[in-house]
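The lines below spell out each chain.
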Amino acid sequence: MNKKAQFSLRKSISWTILGVIVTIVVLFFAFTIAGYKNQLTYIPAEVKAEFIAERFVNNPDCFTYQDPLTERTYPGIIVLDNFNEERLFSCYHTEQ
Amino acid sequence: MNKEAASVLMMVFEVLVVVFVVFMVISTAKSYAESDTVIKINAANDFVMMIDVLIATPGDAVVEYPYNLSKFIILIDSGGILIEKPGDSEMKRVIRSFHLPESYSAFGGVREIENVCLEKTKKDIILRECDTEEFV
């Protein structure tokens, strides 16, 4: 192979390697930024579950006891007759 | 073309490529640093949790969102909440869903309002502007 061809080949290889390195650097940067954004907006699943679960022991439309005369709700006190699957699905109603 | 001209041309091309890559990287970082997307996502998550707490509250209640939302349009219905800036494309909208008990409903919307309130009245969750003297 003559010198000119060798030089062109080396140039092509250099450009290819440079292109790959630049692509990797840009992708790494994009993923780092996206990961940082996810960290800023992260809420632990346990926190979400806790807030959803609060309704079961505080809302009289779920399991909580409500005095029929005074209509006072007693948070934390469950009516056993209401503690069933039908009431659960009515209290946490999803399309499924 | 002689060798010197070719090498100068290559150098100019390399500099242009580097400038382009640096520009792309800086504009990506700038768009994330402007943080409206983060504010929208955090506000939507906060509203979902506020609605869960309102459902868990016996009786009627009103709660004010503690941050300035005057840049955004917020809409709520029985399936979820949508937050966007005026002129946002569909991709930039933030939507979060929540699950209400049966016979409960949620509705309301605000457009570029600073003080936003969520009110629970009987079995309705209403998104509205806060009254000026509501929490005095």
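Residues numbered from 1 in each chain as written. Chains lettered and ligands numbered in written order. Predicted model: local features only at pLDDT ≥ 70, side-chain atom pairs only at ≥ 80, totals over all residues. Heavy atoms only, no water.

Some points on the overall build of chain A
Across its full length, chain A carries 3 helices and 2 strands. Reading chain A from its N end, one meets helices and strands in the order α-α-β-β-α. In terms of overall dimensions, chain A is more spread out than a globule: its C-alpha atoms have a radius of gyration of 31 Å, far above the 12 Å expected for 96 residues. The dimensions of chain A, computed from C-alpha atoms along their principal axes, are 100 × 25 × 15 Å. Counting across all 96 residues of chain A, residues that qualify as buried make up 18%. Here the analysis covers contacts within chain A between residues at least 6 apart in sequence; of these, 25% occur between residues at least 24 apart. (Helix = DSSP H or I, 4+ residues; strand = E, 2+ residues; numbered from the N terminus. Rg over C-alpha atoms; globule rule 2.2 N^0.38 Å. Buried < 20%, exposed > 50% of the residue type's maximum accessible area, 1.4 Å probe, protein only. Contact = heavy atoms within 4.5 Å.)

Here's the deal with the sheet that holds strand β4 (residues 94-97) of chain B
All names here are of chain B. The 7 strands lie next to each other as β1-β6-β7-β5-β2-β3-β4, forming an open sheet whose pairing is mixed. Looking at the sheet topology across the chains shown, the edges are occupied by β1 (61-64) and β4. With direction set aside, neighbouring strand axes in the sheet form an average angle of 15°. With 4 bridges connecting them, β1 and strand β6 (residues 116-121) associate as antiparallel partners. (Pairing = 2+ DSSP bridges. Axes fitted to C-alpha atoms, helices over the stretch in contact; angles between N-to-C directions.)

What about the interface of chain B and chain A?
On the chain A side, the residues contacting the 24 residues of chain B number 24 residues. Counting across the chain B and chain A interface gives 3 salt bridges. Glu14(B) is paired through a salt bridge with Lys11(A); the nearest N and O atoms lie 3.9 Å apart. Seen at the junction of chain B and chain A, the total is 6 residue pairs in polar contact (both at pLDDT 80 or more). Elements supplying a minimum of two residues to the side of chain B that touches chain A: α1 (3-33) and α2 (36-56) of chain B. Top contributing element to the side of chain B that touches chain A by residue count: α2(B), with 10 residues. Along the lines of polarity and charge, the residues of the side of chain B that touches chain A split into 16 nonpolar, 4 polar and 4 charged. (Salt bridge = Lys/Arg side-chain N within 4 Å of Asp/Glu carboxyl O. Polar contact = N/O pair within 3.5 Å; in protein donor to acceptor, adjacent residues only side chain to side chain. Nonpolar A, V, L, I, M, F, W, Y, C, P; charged D, E, K, R; others polar.)

Concerning the state of the cysteines
On inspection of all chains with the given rule, the structure shows 2 disulfides over all chains. Covalently, Cys62(A) is tied to Cys91(A) through a disulfide, its sulfur atoms 1.8 Å apart. Here Cys62(A) and Cys91(A) share a disulfide; its torsion about the S-S bond, 75°, makes the bridge right-handed. With Cys62(A) in the loop between α2 (45-58) and β1 (64-66) and Cys91(A) in helix α3 (residues 85-91), this pair connects stretches of sequence that are 29 residues apart. There is no split in this pair, since Cys62(A) and Cys91(A) are both buried. The disulfide that involves Cys117(B) links it to Cys130(B), with 1.9 Å between the sulfurs. Between Cys117(B) and Cys130(B) the disulfide shows an S-S torsion of about 105°. By sign, it is right-handed. A residue pair is termed long-range when its members are at least 10 positions apart, and Cys117(B) in strand β6 and Cys130(B) in the segment after β7 (124-129) qualify at 13 residues. With respect to class, Cys117(B) is no different from Cys130(B); both count as buried. (Disulfide = S-S within 2.5 Å.)

Describing the confidence of the model for chain B
Mean pLDDT for chain B: 88, with 95% of residues reaching 70 or above. Note on the complex model: pTM 0.77, ipTM 0.73. (pLDDT = per-residue confidence, 0-100.)

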